[in-house]
Amino acid sequence: MMGTRTLISGATILSMDPSVGDLPKGDILIEDGRIAAIGAEIAAGDAERVDGAGRICVPGFVNAHMHTWQTGLRSLAADWTLLEYFRWVHAGLATRFRPEDIGIATLVGALGQIDAGTTTLVDWCHNNPTPDHTDAAVAALAESGIRAAFFHGSPKPDPKPGEPHFSEVPHPRAEIERLRRGPFASDDGLLTLGLAILGPHYSTMEVARADFRLAREFGLVASMHQGGGAAKTPGGWETLIAEGLVGPGINVVHGNDLSDELFSRLVDLGASFSVTPENEMTQGHGFPVTGRLLKRGAAPSLGVDLESVLAGDMMGVARIALGMQRVLDNTDSRRDTGAIPPTSTVRVRQALEWITIEGARMLGLDHRIGSLAPGKQADLVLIDARALHLQPVHDPVATVVMQAGRGDVEAVMIAGRFMKKNRTLLASGIEEKLARLKASGARIVDELGLGKKAA
């Protein structure tokens, strides 16, 4: 991107940065992949000009939790509870994935995220039975052009005779060392590394302790699911806390079943929480912990979770998280006072923060992405607000969170490079990629006898 200059002019700018604020009409100058200036009117000489009139410019969305390897299973698991999901996906379908299946699913999934305005994807990849599977996922993320945190996980099949249960298997140190020597030798590129570990809910104490220490040794975010049935290690969190292994860099996904006391301790220690509101309500996790975080002065990052179950657009995720918390607050108020609150308990701007700056904070990348400010990477989205269903725009934040959708994303820029422009994804061979994805998904589900009629 060296030597390139782009000026987006006349857009409504929602910077999500307190020092920059919102501009009803303003310009953004991008130079060499970074934001050089934001102002009411910028003289930019020979920069490429992009008309922002009638558009709302927001930071690129951060999808803080998605199992992108399941893209080829879209819609298959829509009626499955969490227990059915464990049975049919982890113990069944996941075991049929070849490296090329992981590759095409991750590639199309990442492109779909860009199309919907996501510029940073946390790819929580927990179907890596071999290094070839891992390499296929990483190569696909690189090909897509998305900014991605690849959270390396491990598969969860039923053990064969003589094999240990997955809960008894520590995260593979050799694989993390290999990745650190290879594609993730630097933390400065579009792709960064994290760990998708089992955590005390899904592993033995020995494995949980080893995995937490591994993440700390390599300076990586350690993310884990929390919830869904009985914990493998009751009291595991308390032990990890006592041993000083819980703090910033520990990311809890879901967390619906945590006691209030333990929840408070985790927040106080600096652990982050990623909420996937729609899937948590759909599959049986329980009510999202959004409000529990807000009461403690914290905030969630948000994720899609499973495109095998639901849609992958972050504006929809923010809207669902906001609406769910409002109904919980309204219900509590009716119970306690006999009336709904006098004003909304959660604001739409907070929901926009959850899918931008809060996602960046969870990753420890808020100094680079998550808001629009001079010096930051130019990850941004242009929402075309001239459409029939978006006019008039009284509150642009509300327009983005409450009314806009994937089809309103006109342009997407990642590190100063347009990945979508004029509502067109700038990736080649989309039809061929979709054909490969369809063939992959069909073979996998047919091998388990789960095939359905597909268009």
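Caption draft 1: Up close: the overall build of the chain. When you go through the chain residue by residue, the secondary structure sums to 15 helices and 17 strands. In terms of overall size, the chain behaves like a compact globule, its C-alpha atoms giving a radius of gyration of 22 Å where 455 residues would be expected to give roughly 23 Å. Its C-alpha atoms give the chain principal-axis dimensions of roughly 70 × 60 × 45 Å. Per-residue burial over the chain gives 58% buried out of 455 residues.

Caption draft 2: Summary view of helix α15 (residues 430–447). With 18 residues, α15 extends 26 Å from end C-alpha to end C-alpha; this agrees with the ideal 26 Å at 1.5 Å per step. The elements touched by buried residues of α15 are α2 (99–115) and α3 (131–144). Of the residues one or two after α15, glycine 449 is the one with positive phi, at around 70 degrees.

Caption draft 3: Up close: the pairing of strand β14 (residues 380–384). By the criterion of burial, β14 is predominantly enclosed, with five of the five residues buried. Burial along β14 is two-sided: the face carrying Leu380, Leu382 and Asp384 and the face carrying Val381 and Ile383 are both buried. Two strands pair when backbone bridges link them, and strand β5 (residues 55–59) and β14 are joined in this way by five bridges, in the antiparallel orientation. Bridge pairing in β14 places arginine 55 opposite aspartate 384. As judged from the four bridges shared by β14 and strand β15 (residues 409–414), these two strands associate in the antiparallel manner. Directly across from leucine 380, in β15, lies its bridge partner methionine 413.

Caption draft 4: The arrangement of the sheet that holds strand β12 (residues 272–275) in detail. As summarised here, the arrangement of the eight strands in space is β6-β7-β8-β9-β10-β11-β12-β13, forming an open sheet in which the pairing is parallel. If you trace the sheet from one side to the other, it starts and ends with β6 (61–66) and β13 (301–302), each paired once. One ladder, built from three bridges, connects strand β9 (residues 191–197) with strand β10 (residues 222–226); its direction is parallel. The partner of alanine 196 across the bridge, within β10, is serine 223. Here α2 sits on the sheet and contacts β6 and β7 (118–125); the angle it forms with β7, its principal contact strand, is near 150 degrees.

Caption draft 5: Local environment of the packing of helix α11 (residues 314–337) against helix α14 (residues 396–403). At a minimum axis separation of 7 Å, α11 and α14 run at an interaxial angle of 95 degrees. Judged by the inter-axis angle, α11 sits roughly perpendicular to α14. Across the interface between the two elements, Met315, Ala318, Arg319, Leu322 and Arg326 from α11 touch Val400, Val401, Met402 and Gln403 from α14. Residues belonging to the contact of α11 with α14 are distributed by class as follows: six nonpolar, one polar and two charged.

Caption draft 6: Spotlight on unusual backbone geometry. In the segment running from glutamine 391 into proline 392, the intervening peptide bond is cis, with an omega of -10 degrees. Mapping proline 392 onto the fold places it in the loop between β14 and α14. Phi angles above zero are rare outside glycine, and aspartate 32 is one such case at about 55 degrees. Among the secondary structure elements, aspartate 32 is positioned in the loop between β2 (22–31) and β3 (34–39). Of note, asparagine 422 is a non-glycine position whose phi angle comes to about 55 degrees, a positive value. Along the chain, asparagine 422 falls in the loop between β16 (417–421) and β17 (424–425). On the accessibility criterion, asparagine 422 (61% relative accessible area) is exposed.

Caption draft 7: Spatial organisation of α11. With 24 residues, α11 should cover 34 Å at 1.5 Å per step; its first-to-last C-alpha distance of 34 Å lies within 8% of that length. Listing the buried residues of α11 in full gives Met314, Met315, Gly316, Val317, Ala318, Ala321, Leu322, Met324, Gln325, Leu328, Asp329 and Ser333. For α11, the side-chain oxygen to backbone nitrogen distance between the N-cap and methionine 315 is 2.9 Å, and the N-cap itself is aspartate 313. A positive phi of about 85 degrees marks glycine 338, the residue just after α11.

Caption draft 8: Inspection of the side chain of arginine 55 at higher detail. With respect to the helices and strands, the residue arginine 55 is situated in strand β5. On the basis of relative accessible area, arginine 55 is assigned to the buried category, the value being 9%. A polar contact is formed between the side chain of arginine 55 and the backbone oxygen of alanine 53, at a distance of 2.6 Å. When sequence neighbours within four positions are dropped, the list of residues in contact with arginine 55 reads Ala11, Thr12, Leu382, Ile383, Asp384, Ala385, Arg386 and Glu410.

Caption draft 9: The arrangement of the packing of aromatic side chains in detail. Taken as a whole and judged by the stated rule, the model has six aromatic pairs. Measuring from centroid to centroid gives 5.1 Å for tryptophan 69 and phenylalanine 97, while their planes differ by 85 degrees, and the two rings are edge-to-face. Taken together, the residues span a long stretch of sequence, with tryptophan 69 in the loop between β6 and α1 (82–90) and phenylalanine 97 in the loop between α1 and α2 at a distance of 28 residues. Judged by its relative accessible area of 7%, phenylalanine 97 falls in the buried class.

Caption draft 10: Molecular detail of the side chain of threonine 106. When you line up the elements, threonine 106 lands in helix α2. On the basis of relative accessible area, threonine 106 is assigned to the buried category, the value being 0%. There is a polar contact of 2.7 Å between the side chain of threonine 106 and the backbone oxygen of isoleucine 102. When residues no more than four places from it in sequence are discounted, the contact partners of threonine 106 are Thr68, Trp69, Asp123, Ala137, Ala140 and Leu141.

Caption draft 11: Just the pairing of β12, in detail. Here β12 shows a buried face lined by Ser272 and Ser274 and a second buried face lined by Phe273 and Val275. Examined bridge by bridge, strand β11 (residues 250–254) and β12 share three bridges and lie parallel to one another. Among the inter-strand pairings, asparagine 251 is bridged to a residue of β12, identified as serine 272. At this point the chain moves from β11, through helix α8 (residues 260–268), to the parallel β12, and the crossover so formed is right-handed. Where β12 and β13 come together, two bridges link them in parallel fashion. If you follow serine 274 over to β13, its bridge partner there is serine 301.

Conventions used here
- Residues numbered from 1 in each chain as written.
- Predicted model: local features only at pLDDT ≥ 70, side-chain atom pairs only at ≥ 80, totals over all residues.
- Heavy atoms only, no water.
- Helix = DSSP H or I, 4+ residues; strand = E, 2+ residues; numbered from the N terminus.
- Rg over C-alpha atoms; globule rule 2.2 N^0.38 Å.
- Buried < 20%, exposed > 50% of the residue type's maximum accessible area, 1.4 Å probe, protein only.
- Expected span 1.5 Å × (residues − 1).
- Contact = heavy atoms within 4.5 Å.
- Pairing = 2+ DSSP bridges.
- Axes fitted to C-alpha atoms, helices over the stretch in contact; angles between N-to-C directions.
- Parallel < 35°, antiparallel > 145°, perpendicular 65-115°, else oblique.
- Nonpolar A, V, L, I, M, F, W, Y, C, P; charged D, E, K, R; others polar.
- Polar contact = N/O pair within 3.5 Å; in protein donor to acceptor, adjacent residues only side chain to side chain.
- Phe/Tyr/Trp six-rings, centres within 6.5 Å; stacked < 30°, edge-to-face > 60°.
- Right-handed = clockwise from strand over helix to strand, strands pointing away.

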